[in-house]
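Residue-level listing of the chains:
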Amino acid sequence: MILEALNYAASWPLTSGPHRSAVRYSVNLWSRARRCAEAWRTHEENSRAAILETAGRLKQRRTAVVLGSGLLRDVPIEALCKMFDTVVLVDLVHLASVRGWLSLKRLRNVRLIERDLAGVDDLLAGRPCEPLSFLRQVPYLDLVVSANLLSQIGMGAARRIEAEGQNRQRLLPKVISAHLDGLAGLPCASLLLTDVSYRVIDRDGHVHEEFDLLRGVPVPLGKAEWSWPVSPFGEESADYQIVHRVIACNDQAALLSTRSAVV
Ligand SMILES: C[S@@+](CC[C@H](N)C(=O)[O-])C[C@H]1O[C@@H](n2cnc3c(N)ncnc32)[C@H](O)[C@@H]1O
């Protein structure tokens, strides 16, 4: 509790006004990740392996951008810093604990960008929703990783759209699609890491509830897929666990073809 309070207090002044409401979410994620470290290990290892595999295939490694870098648990940041000239980390919030760790490690080629990647404001205002268009300004871009961010964008956007009294069913698929369109349209390599669904499962293995986190928007079959016990037994309930299905897709052509099928 004390560590959480300290991290919260230290992160608050480092975060700009519009994004401060997300500090609490990040600190909660930070404590949950520490509590569930064992259950999350395989997911985090698989995510890091997918990033390294994608980066390793590139001919040039000048700038890499990681979207939803968060706590850097599923991002092999030290390896990326050795492989690339510059690594840009983008998130709503960069916690004081993450900033401190980066300084301690003296990772001098890391840049932090605090940015809302959902594009909901544009969507609600009826403007074109292109939340990844800022990537066009990033020089020498060779890799963009969407690091277990997309379902969280959906969750945040759902709350926002509901608060504005707008139609969630209609708008949420557009938010998800805008992110996928942005990735598919990049002139460089990309890797989409995302949880696509969750299931509530009891101790006998019976599934009680299933939910599509991408709101019906299609994604390519992952090159790799795995389960992520986001809430293992004992975390939220003694009798139920919540398990997310995660995909890793670095096939730009496959991503593009699912996008054109949507249009
Ligand atoms: C499940 S975490 C990703 C974990 C992270 N890749 C790691 O290695 O720890 C989701 C991340 O998405 C970020 N996020 C959620 N909504 C966002 C938005 N609209 N714009 C930018 N980042 C967002 C959260 O702050 C959080 O850090």
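Refer to the preceding data block for the structure.
Scope of this entry: the structure provided in the associated data block. In this text, all values refer to a predicted model and were calculated from it rather than measured experimentally. (Residues numbered from 1 in each chain as written. Predicted model: local features only at pLDDT ≥ 70, side-chain atom pairs only at ≥ 80, totals over all residues. Heavy atoms only, no water.)

1. Here's the deal with the environment of Val-243
Going by this rule: Only DSSP runs of H or I covering at least 4 residues are called helices, and only runs of E covering at least 2 are called strands; the numbering of each starts at the N terminus. Only protein chains enter the area calculation, which uses a 1.4 Å probe; residues under 20% of their type maximum are buried, those over 50% are exposed, and those in between are partly exposed. Whether two residues are in contact is decided by their heavy atoms: any pair within 4.5 Å suffices.
Along the polypeptide, Val-243 turns up in strand β8 (residues 240-249). For Val-243, a relative accessible area of 13% puts it in the buried group. Along the primary structure Val-243 and Tyr-198 are separated by 45 residues, whereas in three dimensions their C-alpha atoms are 5.5 Å apart. Beyond its immediate chain neighbours, meaning those up to four positions away, Val-243 contacts Ser-197, Tyr-198, Arg-199, Ile-201, Ser-227, Trp-228 and Pro-229.

2. Thoughts on helix α1 (residues 2-11)
Put simply, the rule reads: Within this analysis, the arc is defined by the directions that extend from the helix axis to the C-beta atoms.
Among the residues making up α1, those that are buried are Glu-4, Asn-7 and Ser-11. Buried residues of α1 fall within an arc of 65° about the axis and therefore sit on the same side. Counted as exposed and oriented over 90 degrees from the buried face of α1: Ile-2 and Leu-6. Buried-residue contacts for α1 involve α2 (21-35) and α5 (96-104).

3. Quick look at the site of the ligand
Rules: Note on definitions. A residue lies near a molecule or strand when any single heavy atom of the residue is within 4 Å of it. The term polar contact refers here to a pair of N or O atoms within 3.5 Å; inside protein, the definition further demands a hydrogen-donor-capable atom paired with an acceptor-capable atom, and it admits residues adjacent in sequence only when both atoms are side-chain atoms. Surface accessibility in these figures is a Shrake-Rupley result with a 1.4 Å probe; residues are shielded only by whichever protein chains are displayed. By the convention adopted, Pro, Cys, Tyr, Trp, Phe, Met, Ile, Leu, Val and Ala count as nonpolar, Lys, Arg, Asp and Glu as charged, and the other residues, Gly among them, as polar.
Neighbouring the ligand are 21 residues, the closest being Gly-68, Arg-73, Asp-74, Asp-91 and Leu-117. Contacts to the ligand include Arg-73, whose backbone N or O atom sits 2.8 Å from an oxygen atom. In the environment of the ligand, a nitrogen atom lies 2.8 Å from a nitrogen or oxygen atom belonging to the side chain of Asp-116. About the coverage of the ligand: the protein hides 94% of its 600 Å² of free accessible area. Here the shell around the ligand gets three residues from one element, more than from any other, and that element is α2. Here the shell around the ligand is composed, by residue class, of 10 nonpolar, six polar and five charged.

Purely spatial values, then, with no claim about function.
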